[in-house]
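# Geometric and topological summary
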Amino acid sequence: MELAASARCGIKALQLLQPPAMQALLQLQSQQLRYRQTKHWNPKFKKQRAQKFVKIDLPNFQEKSSDLSQDEMRSRLKERGVLPPRPWLERPFHISCTGGIFEPYVPPEGDGKKSFISSAGAKQKLEFLEKKSKSVMAVRKIRSYEEEFSTDDFPSQAQDIYIAAHAQMAAKNKHQLREFVTERCYPEMMHNVRDKTIHWRFLQSLEPPRLVHARVTDIISKENLYAQVTVRFHTQQVLAIYDRFGRLMHGSEIIAKDVLEYVVFEKHISNEYGKWRLHDKIIPDWLPPREPAPITYRVIEEPEEAVELLAEGDKKLEAGTEKPNVEQPAQIEVAPTVSAAVEVDSENKASKVTKPSPTI
């Protein structure tokens, strides 16, 4: 305190000795400056900073939507700015393939047997040229989506898909098979394959595969396009099918057969990741039906006694049906006598039981 008092006295002495300007400066320095600690250093947005608390209407969380009427529910949603919920009836689905063949190719009768030199062969060639215009337009459409598509190179690619699909079917590789066949073709190829052994081999091509038909169609929308190409295969194959008992049902592993097929390949060309897969085989109407394969059944051996009893029962039933209806009253009349005889026999047995034994 003494130090502060001496300092004040010194300042007053200087004020008396110094000129007026110096005295004013010393007065400013000696004044105590006080600052508000709650005041913001930046005067901007002063009004917004003043609005620190905003009163909001909190929703009633105890209120149940089931207790409200439709008008009350609508007003609540309007207050909150929420759109009314709508039932979601749409289900997303993906069409990976078509359900059949559109504009199927009709193979000419006697194909593979008639040469082009004969009149029938020349007629078939002329019909093929007439139908070629639509195929050319379809091939152009396919090339607009797949630039590398070529009618010369595609048959060899289709043959590789054909061989891979049949090899996976013979090996019963279900997951690998789906990469080479469409969802429509898969159940037809795997039908009745269970409990069977399939031996299939591709030997050679008697004629190079040829593209004979091409079509493009749209489903649901014009931008959703599917392409189908029919390829003619004239090959030599070996097929043998054995049942679960190891007996040969169809074909042979030694004898090779010449096979002429018209196979349809499909691709979802609108899909960037679509690929060509085996879709179906064309079976013409003029082809004669095949004979069904012999099926082996297990014979259940019954004992001879049961067989004899069944035979006797059948004979009795036949004899009963052959008797005339006139004998029925006689049987009814005889029935009381039979019952009386049964009663007499039962009384005799009871009397025999009541008699004491001679040993006693």
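Rules used in this analysis
- Residues numbered from 1 in each chain as written.
- Predicted model: local features only at pLDDT ≥ 70, side-chain atom pairs only at ≥ 80, totals over all residues.
- Heavy atoms only, no water.
- Helix = DSSP H or I, 4+ residues; strand = E, 2+ residues; numbered from the N terminus.
- Buried < 20%, exposed > 50% of the residue type's maximum accessible area, 1.4 Å probe, protein only.
- Contact = heavy atoms within 4.5 Å.
- Areas by Shrake-Rupley, 256 points an atom, 1.4 Å probe, with all protein chains shown as cover.
- Phe/Tyr/Trp six-rings, centres within 6.5 Å; stacked < 30°, edge-to-face > 60°.
- Lys NZ or Arg CZ within 6 Å of the ring centre and 35° of its normal.
- Pairing = 2+ DSSP bridges.
- Core = buried A, V, L, I, M, F, W, Y, C linked by side-chain atoms within 4.5 Å.
- Axes fitted to C-alpha atoms, helices over the stretch in contact; angles between N-to-C directions.
- Expected span 1.5 Å × (residues − 1).
- Arc of directions from axis to C-beta.
- pLDDT = per-residue confidence, 0-100.
- Patch = residues over 30% accessible without salt bridge, like charges linked within 9 Å, V, L, I, M, F, W, Y side chains within 5 Å.
- Salt bridge = Lys/Arg side-chain N within 4 Å of Asp/Glu carboxyl O.
- Lys, Arg positive; Asp, Glu negative; His and termini not counted.
- Charge placed at Lys NZ, Arg CZ, Asp CG, Glu CD.

Attention now goes to the overall build of the chain. Across its full length, the chain holds eleven helices and four strands. Considering the chain as a whole, with its 360 residues, one finds that 24% of them fall into the buried category. Put simply, of all contacts in the chain between residues at least 6 apart along the chain, 65% involve residues at least 24 apart. Accessible area of the chain: about 29,500 Å², with a carbon and sulfur share of 56%.

Enumeration over the complete set of coordinates arrives at seven aromatic pairs. Between Phe154 and Phe265 the ring centres are 6.2 Å apart and the planes differ by 90°, which places this aromatic pair in the edge-to-face class. Pair noted here: Phe154 is in helix α7 (residues 154-171) and Phe265 is in strand β3 (residues 248-267), with a separation of 111 residues, a long-range link. The exposure class of Phe154 is buried, given its relative accessible area of 2%. When the ring centre of Tyr186 is taken as reference, the NZ or CZ atom of Arg178 above it lies at 5.0 Å.

The next thing to look at is the pairing of β3. In this sheet, β3 lies alongside strand β2 (residues 225-242) in antiparallel orientation, the contact comprising 15 bridges. Bridged to Gln236 within β3 is Asp258. Turn length for the β2-β3 hairpin, with the two strands adjacent in sequence and antiparallel, is five residues, and the turn residue Gly246 shows positive phi of about 85°. Pairing geometry for β3 and strand β4 (residues 277-281), over four bridges, is antiparallel.

In terms of nonpolar packing, the biggest core is built from 32 residues, with Phe149, Phe154, Val181, Val229, Phe265, Trp276 and Leu278 touching the most fellow members. Those elements that place two or more of their residues in this core are α6 (132-145), α7, α9 (185-190), β1 (197-218), β2 and β3. A per-element tally of this core places α7 first, with seven residues. Beyond its immediate sequence surroundings of up to four residues, Phe149 is in contact with Val139, Ile142, Arg143, Phe154, Leu211, Val229 and Trp276. Val212, Tyr262, Val264 and Ile282 belong to the second-largest nonpolar core, a separate cluster that totals five residues.

An order of β1-β2-β3-β4 is seen for the four strands of this open sheet, with the pairing classed as antiparallel. Pairing within the sheet leaves two strands with one partner each, and these edge strands are β1 and β4. On average, each strand axis in the sheet is inclined to that of its neighbour by 30°, with strand direction left out of account. Across the face of the sheet, α6 comes into contact with β1 and β2 while running at roughly 95° to β1. Seen against the sheet, α7 touches β1, β2, β3 and β4 and runs at an angle of roughly 130° to β1.

Attention now goes to α6. With 14 residues, α6 should cover 20 Å at 1.5 Å per step; its first-to-last C-alpha distance of 20 Å lies within 8% of that length. Inspection of α6 places Ser135, Ala138, Val139 and Ile142 among the buried residues, and these make up the whole buried set. Viewed end-on, α6 has its buried residues packed into an arc of 105°, placing them on one side of the element. Exposed and oriented more than 90 degrees from the buried face of α6 are Met137, Arg140 and Ser144. Contacts from the buried residues of α6 go to β1 and β2.

On average, residues of the chain score 77 in pLDDT, and 72% of them reach the 70 mark or higher. Across residues 324-360 the pLDDT falls below 50, and counting only partners more than four positions away or on other chains, this stretch makes zero contacts in the model.

So, about a positive patch on the surface. Positive charge collects at one region of the surface, where Lys172, Lys174, Arg178 and Arg194 lie side by side. Mapped onto the elements, Arg178 comes out in the loop between α8 (174-177) and α9. A relative accessible area of 43% places Arg178 in the partly exposed class.

A positive phi angle is found at Glu103, which is not glycine, with a value near 50°. Mapping Glu103 onto the fold places it in the loop between α4 (70-80) and α5 (119-130). Given the relative accessible area of 44%, Glu103 is considered partly exposed.

What follows is about a nonpolar patch on the surface. A cluster of nonpolar side chains, Val54, Ile56 and Leu58, forms an exposed patch at the surface whose accessible area comes to about 360 Å². On the secondary structure map, Val54 appears in the loop between α3 (46-50) and α4. On the basis of relative accessible area, Val54 is assigned to the exposed category, the value being 65%.

This paragraph deals with the pairing of β2. Most of β2 sits out of view: 16 of its 18 residues are buried. Note that β1 and β2 share 17 bridges and pair antiparallel. Paired with Phe202 across the bridge in β2 is Gln237. The hairpin formed by β1 and β2 contains six residues between the paired strands, and Ile220 there has a positive phi angle of roughly 70°.

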